[in-house]
Amino acid sequence: MTPEIWWRRRAGCAHTLMQGSFSNGMGRLDCVEPRMAAALSDILARPGSLVRAVTAYLTGIEMGVPEQSARAMACGIEYLHTASLVFDDLPAMDDARTRRGAACIHVVHGEAVAMLTALAVINRAYSMIWQGIHQANPQRRATAGEWVDARLGIGGVIGGQAYDLRGWRGEQSAAEVSEVAARKTGDLLRLTLVLPAIVGRGTPREIQILDRVALLRGLAYQAADDLKDVLSAEEDFGKTAGRDEALGRPNFVIAEGLPAALRRFRRLSDTGDRVQATLPGPADRWMMLEMLKVPTPVSAADTDSSLLSAVI
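Because the structure is predicted, anything quoted here is derived from the model rather than measured. (Residues numbered from 1 in each chain as written. Predicted model: local features only at pLDDT ≥ 70, side-chain atom pairs only at ≥ 80, totals over all residues. Heavy atoms only, no water.)

1. So, a nonpolar patch on the surface
Together, Met 1, Ile 5 and Trp 6 line one region of the surface with nonpolar side chains, adding up to about 340 Å² of accessible area. Within the secondary structure layout, Trp 6 lies in helix 1 (residues 3-24). Given the relative accessible area of 44%, Trp 6 is considered partly exposed. (Patch = residues over 30% accessible without salt bridge, like charges linked within 9 Å, V, L, I, M, F, W, Y side chains within 5 Å. Areas by Shrake-Rupley, 256 points an atom, 1.4 Å probe, with all protein chains shown as cover. Salt bridge = Lys/Arg side-chain N within 4 Å of Asp/Glu carboxyl O. Helix = DSSP H or I, 4+ residues; strand = E, 2+ residues; numbered from the N terminus. Buried < 20%, exposed > 50% of the residue type's maximum accessible area, 1.4 Å probe, protein only.)

The following block contains the structure:
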């Protein structure tokens, strides 16, 4: 059996495991307020790709984190991502109508229930992350707590979202878009890869390289998302498209044009590959990181693919 096949099977098992954790992590819903229970049921029924959970889980296992702790921490990270999407979609934010191929939570259940439900998911996420952190030695536990605060707080994801909402019509540069993306998108991937290494036995060099890989993959993901927001039809995108231009949000395509944004995406992807290759040990030790590679965005059906290829 080749290392690739072995890893594919292992990733498949991890995905099944994390899907179960995601679906059942909020506990029994029969005693929850009915409207919130209905919203939670909808959220838990659409877990998305679970790429953050699976990657965090397998990284934790590789770093020597006990299995139950790795699973709890990974699910907590995925819950944070899921809750952030509920807030992202609200009328006060991106005013989206669809997410993951279905109506947004606030569209079906109302804004108040959507916000309270997202807060409930965040609350459970912190509890799960603590389950993963508390077993570490005191020094690593303290470092992990600081890392969580830095990546999620006013200097991280939440602060990045605040900048995202500032209003950027005709006033954005690629450097400014990159700064917002590093916080809004990159910091959650930095939490995904680095937190398990801090809690486990990650060396300073491993932690440093994992942090760099996570940031590059996060920026590549945002560049791909910006391209799809401009190029893709809603049925292909899986969520409401065209929101960045309509609402004046930072977007690489709007800031620097389609050809430059495509080149940026490719450059970020290639640099991420090179940095990942410097991680210590055999390459198959880090196969879980392959899941964070972002495929080249596919345009909408009516876009001339030959033109896109020429631009790339």
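2. Examining the packing of aromatic side chains
Summed over all chains, the structure comprises two aromatic pairs. Between Trp 6 and Trp 7 the ring centres are 5.5 Å apart and the planes differ by 80°, which places this aromatic pair in the edge-to-face class. Taking 5.1 Å as the distance between ring centres and 70° as the angle between the ring planes, the aromatic pair formed by Phe 22 and Tyr 79 counts as edge-to-face. With a gap of 57 residues between them, Phe 22 in helix 1 and Tyr 79 in helix 4 (residues 67-89) connect regions that are remote in the sequence. Sitting above the plane of the Tyr 221 ring, Arg 52 keeps its charged end 5.9 Å from the centroid. One cation-aromatic arrangement involves Arg 151 over Trp 147; the distance from NZ or CZ to the ring centre is 4.4 Å. (Phe/Tyr/Trp six-rings, centres within 6.5 Å; stacked < 30°, edge-to-face > 60°. Lys NZ or Arg CZ within 6 Å of the ring centre and 35° of its normal.)

3. Quick look at the confidence of the model for the chain
Looking at the chain as a whole, the pLDDT averages 90, with 91% of positions reaching at least 70. The element-level mean pLDDT for the chain is lowest in helix 15 (residues 305-311), coming to 39, with helix 3 (residues 51-62) highest at 98. Here residues 300-312 is modelled with pLDDT under 50, and outside its nearest four sequence neighbours on either side it reaches 17 contacts, counting other chains as well. (pLDDT = per-residue confidence, 0-100. Contact = heavy atoms within 4.5 Å.)

4. What to know about the layout of surface pockets
Counted as a void, the largest pocket has a volume near 840 Å³. Surrounding the largest pocket, 41 residues form its lining, Ser 84, Asp 88, Val 157, Gln 161 and Lys 184 being those nearest its centre. Elements represented by at least two residues in the lining of the largest pocket include exactly helix 4, strand 1 (98-99), helix 6 (111-133), helix 8 (157-164), helix 9 (174-199), helix 10 (204-231) and helix 12 (243-247). Per-class residue counts for the lining of the largest pocket are 20 nonpolar, seven polar and 14 charged. (1 Å grid on protein atoms, 1.4 Å probe; cavity = no way out; pocket = protein on both sides within 12 Å on 5 of 7 lines; lining within 4 Å. Points joined across faces, edges and corners; volume = space filled by probe spheres on them. Nonpolar A, V, L, I, M, F, W, Y, C, P; charged D, E, K, R; others polar.)

5. Examining empty space enclosed by the protein
Within this structure, the stated rule accounts for one cavity of 30 Å³ or more. Lining the largest cavity are Asp 42, Ile 43, Arg 46, Thr 82, Leu 85, Val 86, Asp 89, Arg 99, Arg 100, Ala 103, Cys 104 and Ile 105. Elements with a minimum of two residues in the lining of the largest cavity: helix 2 (34-45) and helix 4. Class assignment for the residues of the lining of the largest cavity results in six nonpolar, one polar and five charged.

6. A word on the environment of Arg 266
If you trace the backbone, Arg 266 turns up in helix 14 (residues 258-276). Separated by 29 residues in the primary sequence, Arg 266 and Pro 295 have C-alpha atoms spaced 9.7 Å apart.

7. Comments concerning the pattern of salt bridges
Following the criterion strictly, the structure yields 17 salt bridges and no others. Across the pair Asp 273 and Arg 217 runs a salt bridge, and its minimum N-O distance is 2.8 Å. You can see Asp 273 sitting in helix 14 and its partner Arg 217 sitting in helix 10, a full 56 residues away along the chain. Classification of Arg 217 by relative accessible area gives buried; the value is 2%. Taken together, the shared-partner salt bridges connect Asp 94, Asp 164, Lys 184 and Arg 249 into one network.

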